[in-house]
Amino acid sequence: MVLTGAGVSAESGVPTFRDAQTGLWSRFRPEQLATVGAFVADPDTVWAWYEWRRDLVEQVAPNAGHLALAELESLVPAMTLVTQNVDGLHRLAGSRKIIEFHGNLFDNHCLECACPAPGVPRPCPKPPRCHACGGLVRPGVVWFGEAIPALSLERAVQAADSCDLFMSIGTSMLVHPAAGLAARARSTGAALVEINPEPTELTRFADFAIQAPSGHVLPVLRQALAICRRRTGSNH
Ligand code: APR
């Protein structure tokens, strides 16, 4: 099982969640904008922040770390990738067995009736209205204080409970329930590996902590695994 966070996209040029916001948004903290309360109080401002983030992500591409993870998936068919990232870059890199734990920046649904709202144009300066009920359309991401969609949570917990190796990559491991998946995996005997240039809450529990950027480490790991496979002919 692989759990990724904002650090995996850092080398693509997407600022990590807890990095300082730039320009217009530097006076806001993400925790002030990414809540249902913030959206209800000021939908235009919160929507504009998401438009800014969509603009940013549309200008970048998956990096070597994303691509290596997509290739790992074909070498290790039992691998499950859980990402906290909402930028869609894993999918763009070719990962298929993926759980977007916090949703996706480019999905939208109605705040009132939860109906999906496909086809919102880009750019779209103000939140559109739901075709079904006329309510405000909101970004399809999981905000602070909101629950993870039940199916995503169930699949991620199942993967954590049954994995033999848990890799935490590019995440500060501060936000639950994603961070708690590592403890679940560990309690059933899985080995823990962390790839992150900085120490985190997880580092002291990790069997291996590789303190380097994921875009450097993951291609090497993928190559090493491919060589092992060729030598042993094994799928394990
Ligand atoms: N390679 C690997 N890790 C990196 C890199 C890199 N090149 N660059 C930075 N990092 C690490 C940082 O050291 C940090 O530990 O990535 C981590 C990013 O941490 P956060 O910004 O806290 O992002 P994340 O852990 O994904 O946040 C989790 O919190 O606010 C919510 O929903 C939001 O999904 C987000 C969640």
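Presented here is a report on the structure given in the accompanying data block. All of these numbers come straight from a predicted model, not from anything done at the bench. (Residues numbered from 1 in each chain as written. Predicted model: local features only at pLDDT ≥ 70, side-chain atom pairs only at ≥ 80, totals over all residues. Heavy atoms only, no water.)

**Remarks on the overall build of the protein**
Broken down by element type, the protein carries 9 helices and 8 strands. Taking 2.2 N^0.38 as the reference for a compact globule, 236 residues should give roughly 18 Å; the C-alpha atoms of the protein span a radius of gyration of 18 Å, in line with that estimate. Overall size of the protein, expressed as C-alpha extent along the three principal axes, is 60 × 35 × 30 Å. In the protein, which comprises 236 residues, the proportion classed as buried is 46%. Excluding contacts between residues fewer than 6 apart, the proportion of contacts in the protein whose partners are at least 24 apart in sequence is 65%. Looking at the protein as shown, the accessible area adds up to about 11800 Å², and 57% of this sits on carbon and sulfur atoms. Mean positive and mean negative side-chain charge positions of the protein (20 and 22 charges, respectively) differ by 3 Å. (Helix = DSSP H or I, 4+ residues; strand = E, 2+ residues; numbered from the N terminus. Rg over C-alpha atoms; globule rule 2.2 N^0.38 Å. Buried < 20%, exposed > 50% of the residue type's maximum accessible area, 1.4 Å probe, protein only. Contact = heavy atoms within 4.5 Å. Areas by Shrake-Rupley, 256 points an atom, 1.4 Å probe, with all protein chains shown as cover. Lys, Arg positive; Asp, Glu negative; His and termini not counted. Charge placed at Lys NZ, Arg CZ, Asp CG, Glu CD.)

**Observations regarding the site of the ligand**
Residues in contact with the ligand amount to 20 residues; listed here are only the nearest, Ala-6, Arg-18, Thr-171, Ser-172 and Asn-196. Ser-172 places a polar side-chain atom, nitrogen or oxygen, 2.5 Å from an oxygen atom of the ligand. Contact between the ligand and Ser-214: a nitrogen atom at 3.0 Å from a main-chain N or O atom of the residue. The fraction of the free accessible surface of the ligand (740 Å²) that becomes covered by protein chains is 88%. Its residues assigned to classes, the shell around the ligand comprises 7 nonpolar, 10 polar and 3 charged. (Near = heavy atom within 4 Å. Polar contact = N/O pair within 3.5 Å; in protein donor to acceptor, adjacent residues only side chain to side chain. Nonpolar A, V, L, I, M, F, W, Y, C, P; charged D, E, K, R; others polar.)

**Quick word on the side chain of His-66**
Inspection of the secondary structure puts His-66 in helix H5 (residues 64-75). In this structure His-66 comes out as buried when scored by relative accessible area, which is 0%. One polar contact links His-66 to Ser-9, side chain to side chain, over a distance of 3.3 Å. Once residues within four sequence positions are removed from consideration, His-66 is found in contact with Val-8, Ser-9, Ser-12, Leu-89, His-90 and Ala-93.

**Observations concerning the nonpolar core**
Core analysis: the biggest nonpolar cluster contains 21 residues, and Met-1, Val-82, Phe-101, Phe-166 and Leu-181 have the highest contact counts within it. Mapped by element, the contributors of at least two residues to this core are helix H7 (150-162) and helix H8 (180-187). The residues contacting Leu-181, other than those within four sequence positions of it, are Met-1, Val-82, Phe-101, Ala-156, Val-157, Ala-160 and Phe-166. Membership of the second largest hydrophobic core comes to 18 residues, among which are Ala-34, Ala-38, Leu-89 and Val-141. (Core = buried A, V, L, I, M, F, W, Y, C linked by side-chain atoms within 4.5 Å.)

**A closer look at the sheet that holds strand E2 (residues 81-83)**
Read from one edge to the other, the open sheet built from 6 strands follows the order E3-E2-E1-E6-E7-E8, with strand pairing classed as parallel. Only two strands of the sheet have a single partner each, and these edge strands are strand E3 (98-100) and strand E8 (208-210). Pairwise comparison of adjacent strand axes, ignoring direction, gives a mean angle of 15 degrees for this sheet. As defined by bridge partners, strand E7 (residues 191-195) adjoins E8 across 3 bridges and the pair is classed as parallel. Bridge pairing in E8 places Val-193 opposite Phe-208. Against the sheet, H7 makes contact with E2 and E3, and its axis sits at roughly 135 degrees relative to E3, the strand it touches most. (Pairing = 2+ DSSP bridges. Axes fitted to C-alpha atoms, helices over the stretch in contact; angles between N-to-C directions.)

**Some details on the packing of H5 against helix H9 (residues 214-232)**
Between H5 and H9, the least distance of the axes is 7 Å, while the angle of their chain directions is 25 degrees. If you check the angle between H5 and H9, you find them roughly parallel. When the axes of H5 and H9 are compared, the crossing they make is left-handed. Where H5 approaches H9, its residues Ala-64, Gly-65, Ala-68, Leu-69, Glu-71, Leu-72 and Leu-75 are matched on the opposing element by Ser-214, Gly-215, Leu-218, Pro-219, Arg-222, Leu-225, Ala-226 and Arg-229. (Parallel < 35°, antiparallel > 145°, perpendicular 65-115°, else oblique. Left-handed = near helix turned anticlockwise from the far one by under 90°.)

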